[in-house]
Protein chains: 2
Amino acid sequence: MSVTREKIIELGENLIRTKGYNAFSYQDISTELGIKNAAVHYYFPSKENLGTSIIKTNIQRFEEMIDNMHSRKFDEWQQLETFIKIYIKSHREQKLCLVGSLGPDINTLSNTTKAELVKMTEIIHHWLAGILTSGKMNNIFSFNDEPQNKATLIFSCLVASLQLSRIIDKFDYKAVCQSIIEDLKP
Amino acid sequence: MSVTREKIIELGENLIRTKGYNAFSYQDISTELGIKNAAVHYYFPSKENLGTSIIKTNIQRFEEMIDNMHSRKFDEWQQLETFIKIYIKSHREQKLCLVGSLGPDINTLSNTTKAELVKMTEIIHHWLAGILTSGKMNNIFSFNDEPQNKATLIFSCLVASLQLSRIIDKFDYKAVCQSIIEDLKP
DNA sequence: AAATATACTTACTAATAAGTAAGATGATGT
DNA sequence: ACATCATCTTACTTATTAGTAAGTATATTT
């Protein structure tokens, strides 16, 4: 696959996560890569197409991560901590996650992009509910809620804390993550 | 104060909370109100100015709500539930809260608008930490975290759950709120 | 009655956006 | 040597954006 294509995807993702979908333009990408506006359209005919591709790439990356954790026989704690580490890294880089940056713009997205965002969010949520269910069954996690509901709570905390940490300074993101973890300990 | 001015503020807020700051235009407002684009500029010379005014109005509304709760001698439970009800209403209307919709766009806001968003977020966070502190002291609430940290967790859950509920269907927002409440019970 | 302020409209400008059609360049395959 | 393909550039169009300058109508004040 083309290097330029991959760079566009990566740059587009970073732009969405720092400025938001409706604030970034093909010009932002072409200028940064030292190419012309039309070159970006060569790889991604429309912005809708680029947006969808960025989400698709992320879904793929997430599923590869899960496969990798399964093949390495990670238990539920290790899986949860790996997931949380993605968010700690996002926080360090002052970026949101894709769900948290595209979510508020959902009413402005095309149907295909929206469908892909829904898919990605559901995959993550479903996976999280899954490890919470099995973790609870194996007495590795302890909580009273329905796993589905607990997954929502944890996911929400991670997503919005990234947003709040860019607004409020002196924000202790790791303490938030630690609380999530402590809360699940038996 | 002018009725048109107030309508613009209200409409602008709703547009931010449904489409996002960078997706709405003065045209959206003028068309809806049956006036011309320039009439909106008459009241709010720039979009930055309108954005800032919308946040200022919200801060005022929040502070009036707090004053009202104090004068009616609301205890910590009643205050928390009143706050949560705002979010349940937002969910019913399929809208985000201002913090959750402007937060992801923070890097595209002017310094004055950004400052106002920071102020609003800090006021809410500080108030929430306050009732958690006094609620814990009076043994009305029970939790292990630092109140500051607990406030972040609860605030995050409310903010991001609104976002997630627009993405995932079959989303039980009230169950999320109920979990937050149950978690604080002694 | 004249002056003034309020609340707009008309008619623009300049910038930026997404997107396109046609052509240039160079590598690869036949 | 020739054709083909990928990867762009040049040069655009069309639409939308925030924003403005100047004018109009109506009500209020002096």
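As a reminder, the structure under discussion sits directly above these lines.
These remarks concern the structure in this document. (Residues numbered from 1 in each chain as written. Chains lettered and ligands numbered in written order. Predicted model: local features only at pLDDT ≥ 70, side-chain atom pairs only at ≥ 80, totals over all residues. Heavy atoms only, no water.)

1. Let's talk about the pattern of salt bridges
Residues and elements named next belong to chain A. Applied cut-off: Definition used for salt bridges: Asp or Glu carboxyl oxygen within 4 Å of a side-chain nitrogen of Lys or Arg. Every helix listed is a DSSP run of H or I at least four residues long, and every strand listed is a run of E at least two residues long, numbered separately from the N terminus. Only protein chains enter the area calculation, which uses a 1.4 Å probe; residues under 20% of their type maximum are buried, those over 50% are exposed, and those in between are partly exposed.
Counting across every chain of the model gives 16 salt bridges over all chains. In this structure, the salt-bridge partner of Arg61 is Glu13, at a minimum N-O distance of 3.0 Å. Of this pair, Arg61 sits in helix 4 (residues 47-71) while Glu13 sits in helix 1 (residues 3-18); the two residues are 48 residues apart in sequence, bridging distant segments of the chain. With relative accessibility at 42%, the residue Arg61 sits in the partly exposed group. On the basis of relative accessibility, which here comes to 6%, the residue Glu13 falls in the buried class.

2. Let's talk about the protein's contact with DNA strand D
Short version of the rule: Here, proximity means that at least one heavy atom of the residue falls within 4 Å of the molecule or strand. Nitrogen and oxygen atoms within 3.5 Å of one another constitute a polar contact, given that in protein one can donate a hydrogen and the other can accept it, and given that sequence-neighbouring residues count only through two side-chain atoms.
Residues in close proximity to DNA strand D total 16 residues, the closest being Thr4(A), Lys36(A), Tyr43(A), Asn37(B) and Lys47(B). The share of sugar and phosphate among atoms of DNA strand D within 4 Å of the protein is 66%. Measuring from a phosphate oxygen of DNA strand D, one finds a backbone N or O atom of Lys47(B) at 2.6 Å. Elements supplying a minimum of two residues to the surface near DNA strand D: helix 3 (37-43) of chain A together with helix 3 (37-43) of chain B.

3. Considering the protein's contact with DNA strand C
Taken together, 16 residues surround DNA strand C, and among them Asn37(A), Lys47(A), Thr4(B), Lys36(B) and Tyr43(B) come closest. Backbone atoms, meaning sugar and phosphate, make up 69% of the atoms of DNA strand C lying within 4 Å of the protein. Between DNA strand C and the protein, one listed contact pairs a base oxygen with a side-chain N or O atom of Asn37(A) at 2.9 Å. The side chain of Tyr43(B) places a nitrogen or oxygen atom 2.6 Å from a phosphate oxygen of DNA strand C. Where the surface near DNA strand C is concerned, the elements lending two or more residues are helix 2 (26-33) and helix 3 of chain A together with helix 3 of chain B. When residues of the surface near DNA strand C are assigned to their parent elements, the largest contribution, four residues, is made by helix 3 of chain B.

4. Details of the packing of helix 5 (residues 76-92) of chain B against helix 9 (residues 173-184) of chain B
Residues and elements named next belong to chain B. Threshold: Between N-to-C directions, angles span 0 to 180 degrees; the directions come from axes that are lines fitted to C-alpha atoms, helices contributing only their stretch in contact. Every angle not falling under 35 degrees, over 145, or within 65 to 115 is termed oblique; those three ranges are roughly parallel, roughly antiparallel and roughly perpendicular. For a crossing to be left-handed, the near helix must be turned anticlockwise from the far one by less than a right angle; the clockwise case is right-handed. Residues are treated as being in contact if the distance between any of their heavy atoms lies within 4.5 Å. For this classification, Asp, Glu, Lys and Arg are treated as charged, while Ala, Val, Leu, Ile, Met, Phe, Trp, Tyr, Cys and Pro are nonpolar and the rest, including Gly, are polar.
Running from N to C, helix 5 and helix 9 cross one another at 165 degrees; their axes reach a closest spacing of 10 Å. By the angle between their directions, the pair helix 5 and helix 9 is classed as roughly antiparallel. The hand of the helix 5/helix 9 crossing is right-handed. Of the residues in helix 9, those in contact with Trp77, Leu80, Glu81, Ile84, Tyr87, Ile88 and His91 of helix 5 are Tyr173, Lys174, Cys177, Ile180, Ile181 and Leu184. When the residues that make up the contact of helix 5 with helix 9 are grouped by side-chain class, the tally is ten nonpolar, one polar and two charged.

5. Looking at the relation of the copies chain B and chain A
Threshold: Here the copies are superposed with least squares, the fitted atoms being C-alpha atoms of residues at a pLDDT of at least 70 in both.
Mapping chain B onto chain A leaves a residual RMSD of 0.0 Å; the transformation is a rotation of 180 degrees accompanied by 0.0 Å of translation along its axis. Given the turn and translation reported, the copies of this chain are related as if by a two-fold rotation axis.

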